[in-house]
Amino acid sequence: MKKILILQSHPNPESFCVALGQAYKSTAITNGAEVQEIVIPDLNFDPNLSYGYSKRMELEPDLLQAWEKIQWADHIVFIHPLWWGGIPALAKGFFDRLFLPGMAFQKREGSLWWDKLLKGKSARIIATMDQPVWFYWLFNKAPSHRALKKMTFEFVGIKPVSITSIGPIRLSTDEFRAKWISKINKIALKES
């Protein structure tokens, strides 16, 4: 049985991101996967890594529970809106606070290299945006996608990382959204 963790980062429970997450979750469960979910905006934690890596901050109970779910998962689905070319600030703080040395990776003594401590997991990034997807990739060079895939997930050993970009959401029709819900159902079926 595949263990899937959905990381939902949109603060609005009526958002299309939430609808996409619910579609993925429902299909994965129906297909026999075990699914857990973390709604990042609902967590109680300080998103600021106050001391960088020079001094460890105690993890709040919500972050400790989130870390247990990350360790449990075989596959992580991170759903986010694209805001100012990146992920929501609270989601960035979530990764800053949890993907720490000694937890998600370990720097090697006297070396520029590191050990990836979350190997054996895969991920899917689902991002909604108000610009056409081709414009985000071609003209803006997909900065958040590259940062999430290469500098976050793959940095700690999560691989492969697949990306689903959906846009433009602004002014989208019900038919457009229904088509994407159907596509997410197909992705969930394949990944569970």
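See the structure printed just above.
Model, not experiment: these values are computed from the prediction.

The next thing to look at is the layout of surface pockets. Size it by volume and the largest pocket reaches roughly 370 Å³. Every residue lining the largest pocket is counted, 17 residues in all, and those nearest its centre are Lys92, Phe95, Asp96, Met151 and Thr152. If you list the elements that add at least two residues to the lining of the largest pocket, you get α3 (89-98) and α5 (143-153). Examining the composition of the lining of the largest pocket, we find that 5 residues originate from one element, α5, more than from any other. Residues of the lining of the largest pocket, tallied by class, amount to 11 nonpolar, 4 polar and 2 charged.

Here threonine 152 lies in helix α5. In contact with threonine 152, not counting residues within four places along its chain, are Phe95, Phe99 and Ala147.

Read across the sheet, 5 strands follow the order β2-β1-β3-β6-β7 without closing on themselves; strand pairing throughout is parallel. Looking at strand neighbours, the two that pair on one side only are β2 (34-39) and β7 (161-166), the edges of this open sheet. Here the average twist between neighbouring strands, direction ignored, is 15°. Examined bridge by bridge, strand β3 (residues 75-81) and strand β6 (residues 122-128) share 7 bridges and lie parallel to one another. Note on β6: the bridge partner recorded for isoleucine 79 is isoleucine 126. With respect to the sheet, helix α2 (residues 61-72) is in contact with β1 (3-8), β2 and β3, its orientation differing from that of β2 by roughly 145°.

Glancing now at the nonpolar core. Counting residues in hydrophobic clusters, the biggest one holds 33 residues, and the most contacted among them are Phe94, Leu98, Phe99 and Phe153. Those elements giving two or more residues to this core turn out to be β1, α2, β3, α3, β6 and α5. Among the elements that take part in this core, α2 stands out by supplying 5 residues, more than any other. Those residues in contact with phenylalanine 94, other than ones at most four positions away along the chain, are Leu7, Ile38, Ile40, Leu43, Phe45, Leu63, Ala66 and Ile70.

Most of β1 sits out of view: 5 of its 6 residues are buried. When β1 meets β2, the two strands line up parallel, connected through 6 bridges. Residue pairing across strands places lysine 3 opposite glutamate 34, the latter belonging to β2. Handedness of the β1-helix α1 (residues 16-30)-β2 crossover: right-handed.

Quick look at the packing of α1 against helix α6 (residues 174-191) now. Their axes nearest at 8 Å, the elements α1 and α6 cross at an angle of 40°. Considering how the two elements wind past one another, α1 and α6 form a crossing that is right-handed. The segment α1 lies against α6, with Phe16, Ala19, Leu20, Ala23, Tyr24, Thr27 and Ala28 engaging Arg177, Trp180, Ile181, Ile184, Asn185, Ile187, Ala188, Leu189 and Glu191. The residue makeup of the contact of α1 with α6, split by class, is 12 nonpolar, 2 polar and 2 charged.

Moving on, we get to the environment of glycine 32. Assignment of secondary structure puts glycine 32 in the loop between α1 and β2. With relative accessibility at 35%, the residue glycine 32 sits in the partly exposed group. Between the C-alpha atom of glycine 32 and that of leucine 189, which follows or precedes it by 157 residues, the distance is 9.5 Å.

We now examine the packing of α2 against α3. The N-to-C vectors of α2 and α3 enclose an angle of 80°; their axes lie 11 Å apart at closest approach. Taken together, α2 and α3 sit at an angle that is classed as roughly perpendicular. Across the interface between the two elements, Leu63, Ala66, Trp67 and Ile70 of α2 pack against Phe94, Arg97 and Leu98 of α3. When grouped by side-chain class, the residues that make up the contact of α2 with α3 number 6 nonpolar, no polar and 1 charged.

Procedures and definitions
Residues numbered from 1 in each chain as written. Predicted model: local features only at pLDDT ≥ 70, side-chain atom pairs only at ≥ 80, totals over all residues. Heavy atoms only, no water. 1 Å grid on protein atoms, 1.4 Å probe; cavity = no way out; pocket = protein on both sides within 12 Å on 5 of 7 lines; lining within 4 Å. Points joined across faces, edges and corners; volume = space filled by probe spheres on them. Helix = DSSP H or I, 4+ residues; strand = E, 2+ residues; numbered from the N terminus. Nonpolar A, V, L, I, M, F, W, Y, C, P; charged D, E, K, R; others polar. Contact = heavy atoms within 4.5 Å. Pairing = 2+ DSSP bridges. Axes fitted to C-alpha atoms, helices over the stretch in contact; angles between N-to-C directions. Core = buried A, V, L, I, M, F, W, Y, C linked by side-chain atoms within 4.5 Å. Buried < 20%, exposed > 50% of the residue type's maximum accessible area, 1.4 Å probe, protein only. Right-handed = clockwise from strand over helix to strand, strands pointing away. Left-handed = near helix turned anticlockwise from the far one by under 90°. Parallel < 35°, antiparallel > 145°, perpendicular 65-115°, else oblique.

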